[in-house]
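What follows is each chain in one-letter form.
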There are 2 protein chains.
Amino acid sequence: MKEERSKTESIILNAAKKVFIRKGYDGSRMQEIADEAGINKALLHYYFRNKDTLFDAIFLEAFASFIPNIGITIMSNIPINEKLKTIIDTYIDMLTANPFLPPFILQEINRNPQRIVGELQGRGLNPELFKKVLYSEIGAKSGKSIKPEHLMINIVSMCIFPFAAKPILMGFVFNHDEEKFNNFINERKQVIYEVIVKSLEI
Amino acid sequence: MKEERSKTESIILNAAKKVFIRKGYDGSRMQEIADEAGINKALLHYYFRNKDTLFDAIFLEAFASFIPNIGITIMSNIPINEKLKTIIDTYIDMLTANPFLPPFILQEINRNPQRIVGELQGRGLNPELFKKVLYSEIGAKSGKSIKPEHLMINIVSMCIFPFAAKPILMGFVFNHDEEKFNNFINERKQVIYEVIVKSLEI
DNA sequence: GTCTATATTGTGATAGAC
DNA sequence: GTCTATCACAATATAGAC
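Remember, predicted model here, so these are calculated numbers, not experimental data.

Take helix H7 (residues 101-111) of chain B next. For H7(B), the buried fraction is high: nine of the 11 residues fall into the buried class. Looking at H7(B), one finds that the buried residues are Leu101(B), Pro102(B), Pro103(B), Phe104(B), Ile105(B), Leu106(B), Gln107(B), Glu108(B) and Ile109(B).

Spelled out as structure tokens, the structure:
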């Protein structure tokens, strides 16, 4: 049985999430997290031995959100284009709810790449199996077809990149108009789905 | 006339580039840059007043590489699909030569978004004009067509994202096999071009 | 221009009272 | 559990000799 999480612990975790996700590990200060939580540094160290421990608690949860479990969808019994539509919707919904995740995760994953090792376990993710299933299904629809790796990476690229590069897009494309960006994202599910389906020549 | 850059200054800039691009501003130490350059910290400060000054010298050049001037291509007189092919090739070539740029630029742009303001000047980039040109050319080829913003962002997303998320792909898709990743990138120019062309229903 | 030494401030972490 | 005070060391930056 998991211990009940104390109220203070939750406050700390929320504050740490806010700071770490916006500034990354290197850019975050224990003092700022304490301020955000309305407590002092000593209490942070009472609940979490050190900065690394606190950061790991945040990162692991964030990373889990960032890699949604699309295995159920891929292995399900619906037509391939419905699978792809579901996967795209899943990603865009996750990103709309957590727009700051992409820069945070990409930054931290590059800072400490070996953290990835073993993150697949217990999440029902088996890329080799997914590849096989996708390969048979897109091969059945079109002649010489796109490889599953390219297909999947095309999807997540088009979903995630606009959030990772938002400040660039805001400056170069949307003229610092937040509403234009939101409209763009709202159109995106449909746009990506059409691009992907056409790429399969269904 | 620009002053000639001294030998030591070049050594410092090369060292700083190496460190900053791999570790970002917050993760980099002046000491590490000095070590990398084979000099001491004091000399760094002699050539560059402080960390910020040195960083800016690196960032501005890196950012310029990261945003290739595709204006010439867009405004040129060749058919739309050749324009798109040239743009894709330009990006993939830039990224192959500088695979560490995406995580670095995305990280720093999110750390300090206002740096973008005014980065367009003097680079021949006029997004509004590009939009108009692309709109007329893709509208001429297909009926109700994809918006130019989506088209362009689809291209750069599919080009850049695999480099930004390389550690994740290495872990989840390529089983930590560097050669598989390189093969994947080699296939990518053609794959992206086909996806983009099909999305235009040409 | 380049170095050693040092000042100064920032930051993670701990001691100990309450 | 929570706080104040403080330690120990890391990091940017400067002074001053050569």
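Text resumes after the structure shown.
A positive phi angle, near 50 degrees, is found at Asn175(A), a position not held by glycine. As for its placement among the helices and strands, Asn175(A) is situated in the loop between helix H10 (166-172) and helix H11 (178-199). Judged by its relative accessible area of 48%, Asn175(A) falls in the partly exposed class. Even without a glycine there, the phi angle at His176(B) is positive, about 60 degrees. One can find His176(B) in the loop between helix H10 (166-172) and helix H11 (178-199). Classification of His176(B) by relative accessible area gives partly exposed; the value is 48%.

Contact residues are listed per partner, giving 52 residues for chain B and 52 residues for chain A. Interface area, chain B with chain A, both sides summed: about 4,400 Å², of which 71% is carbon and sulfur. On the chain B side of the contact with chain A, His150(B), Phe161(B) and Phe172(B) bury the most area, a combined 17% of that side's loss. The interface formed by chain B and chain A holds four salt bridges in total. Put simply, Lys198(A) and Glu201(B) hold a salt bridge, and the shortest N to O gap is 3.3 Å.

This paragraph deals with the relation of the copies chain B and chain A. Between the two chain copies there is a screw-like relation: a rotation about an axis and a shift along it. For these two chains of identical sequence, chain B goes onto chain A by a turn of 180 degrees and a shift of 0.0 Å along the axis, with RMSD 0.1 Å. Given the turn and translation reported, the copies of this chain are related as if by a two-fold rotation axis.

Turning our attention to the protein's contact with DNA strand C. Every one of the 15 residues lining DNA strand C counts as a neighbour, but Arg29(A), Met30(A), Lys51(A), Asn40(B) and Tyr47(B) are closest to it. Taking all atoms of DNA strand C within 4 Å of the protein, the share assigned to sugar and phosphate is 63%. Lys51(A) places a main-chain nitrogen or oxygen 2.7 Å from a phosphate oxygen of DNA strand C. Residue contributions to the surface near DNA strand C peak at four residues, all from helix H3 (residues 41-47) of chain B. The class makeup of the residues in the surface near DNA strand C is seven nonpolar, five polar and three charged.

Our next topic: the pattern of salt bridges. In this structure the tally under the stated criterion is 26 salt bridges over all chains. Among the salt bridges present, the one from Glu36(A) reaches Lys18(A), with a minimum N-O distance of 3.1 Å. Here Glu36(A), found in helix H2 (residues 30-37), pairs with Lys18(A), found in helix H1 (residues 7-27); they are 18 residues apart in sequence, far enough to count as distant. The class of Lys18(A) is partly exposed, set by a relative accessible area of 43%. Salt-bridge contacts for Glu137(B) lead to Lys83(B); the nearest nitrogen and oxygen are separated by 2.7 Å. Within this pair, whereas Glu137(B) is found in helix H8 (residues 127-141), its partner Lys83(B) is found in helix H6 (residues 80-97), the two being separated by 54 residues in sequence. For the pair Glu137(B) and Lys83(B), a shared accessibility class is recorded, and that class is buried.

Looking now at the protein's contact with DNA strand D. The local shell around DNA strand D holds 16 residues, among which Asn40(A), Tyr47(A), Arg29(B), Lys41(B) and Lys51(B) are the closest. Measuring from a phosphate oxygen of DNA strand D, one finds a side-chain N or O atom of Tyr46(A) at 3.2 Å. One of the side-chain nitrogen or oxygen atoms of His45(B) is found 3.4 Å away from a phosphate oxygen of DNA strand D. Going through the elements one at a time, helix H3 (41-47) of chain A together with H3 of chain B are the ones with two or more residues in the surface near DNA strand D. Sort the elements by how many residues they give to the surface near DNA strand D and H3(A) lands first, with four residues. Classifying every residue of the surface near DNA strand D by side-chain character gives seven nonpolar, five polar and four charged.

The geometry of helix H9 (residues 148-164) of chain A relative to H11(B) is characterised by a closest axis approach of 11 Å and an angle of 70 degrees between their N-to-C directions. With respect to H11(B), the axis of H9(A) lies roughly perpendicular. For the element pair H9(A) and H11(B), the recorded crossing hand is right-handed. Between H9(A), through Glu149(A), His150(A), Ile153(A), Asn154(A) and Ser157(A), and H11(B), the contact on the second element is made entirely by Phe184(B), Glu187(B), Arg188(B), Val191(B) and Val195(B). Of the residues in the contact of H9(A) with H11(B), the class split is four nonpolar, three polar and three charged.

Our next topic: the packing of aromatic side chains. Within the structure shown, the criterion is met by 24 aromatic pairs over all chains. Look at Phe174(B) and Phe184(B): their rings are 5.2 Å apart centre to centre, the planes differ by 55 degrees, and that puts the pair in the tilted class. Of the two residues, Phe174(B) is situated in the loop between H10 and H11 and Phe184(B) in helix H11; the sequence distance between them amounts to 10 residues. Exposure class is identical for Phe174(B) and Phe184(B). Each is buried. Grouping aromatic residues by their ring pairs yields a cluster made of Phe20(A), Tyr25(A), Phe55(A), Phe59(A), Phe63(A), Phe104(A) and Phe172(B). Over the aromatic face of Phe55(A) sits the side chain of Arg111(A), whose NZ or CZ is 5.5 Å from the ring centroid.

Criteria and thresholds
Position numbers for residues start from 1 in each chain and track the written sequence from start to end. The lettering of chains begins at A and the numbering of ligands begins at 1, in the order of writing. The predicted nature of this model means local features are confined to residues of pLDDT at least 70 and side-chain atom pairs, given and counted, to a pLDDT of 80 or more, with totals for whole chains, interfaces and linings taken over all residues. No hydrogens and no water enter the side-chain calculation; it runs on all heavy atoms of the structure. Categorising residues by exposure relies on relative accessible area from a 1.4 Å probe, with only protein chains included: less than 20% of the type maximum marks a residue as buried, more than 50% marks it as exposed, and the intermediate range marks it as partly exposed. Helix numbers and strand numbers start at the N terminus; a helix is a DSSP run of H or I with at least 4 residues, a strand a run of E with at least 2. When checking whether two residues touch, look at their non-hydrogen atoms; a contact exists if any pair is within 4.5 Å. Accessible area that two parts lose when put together, evaluated with a 1.4 Å probe and summed over both, is termed the buried area. For this analysis, a salt bridge means a side-chain nitrogen from Lys or Arg found within 4 Å of a carboxyl oxygen belonging to Asp or Glu. The fit set for superposing copies consists of C-alpha atoms from residues with pLDDT of at least 70 in both; the fit itself is least squares. Nearness here has a simple test: a residue counts as near a molecule or strand if at least one of its heavy atoms is within 4 Å of that partner. Polar contacts here mean pairs of N or O atoms no more than 3.5 Å apart (in protein, one a potential hydrogen donor and the other a potential acceptor; neighbouring residues in sequence count only if both atoms are side-chain atoms). Gly falls in the polar group here, along with every residue not listed as nonpolar (Ala, Val, Leu, Ile, Met, Phe, Trp, Tyr, Cys, Pro) or charged (Asp, Glu, Lys, Arg). Angular values range over 0 to 180 degrees, each being the angle between N-to-C directions of two axes fitted as lines to C-alpha atoms, with helices fitted over their stretch in contact. Roughly parallel covers angles under 35 degrees, roughly antiparallel covers those over 145, roughly perpendicular covers 65 to 115, and oblique covers all other angles. For any helix crossing, the convention is left-handed if the near helix is rotated counterclockwise from the far helix by under a right angle, and right-handed if that rotation is clockwise. Two rings from Phe, Tyr or Trp (for Trp, the six-membered ring) form a pair when their centres sit within 6.5 Å of each other. Planes less than 30 degrees apart are called stacked, planes more than 60 degrees apart edge-to-face, and all others tilted. Whether a charge sits over a ring depends on NZ of Lys or CZ of Arg being within 6 Å of the ring centre and within 35 degrees of the ring normal.

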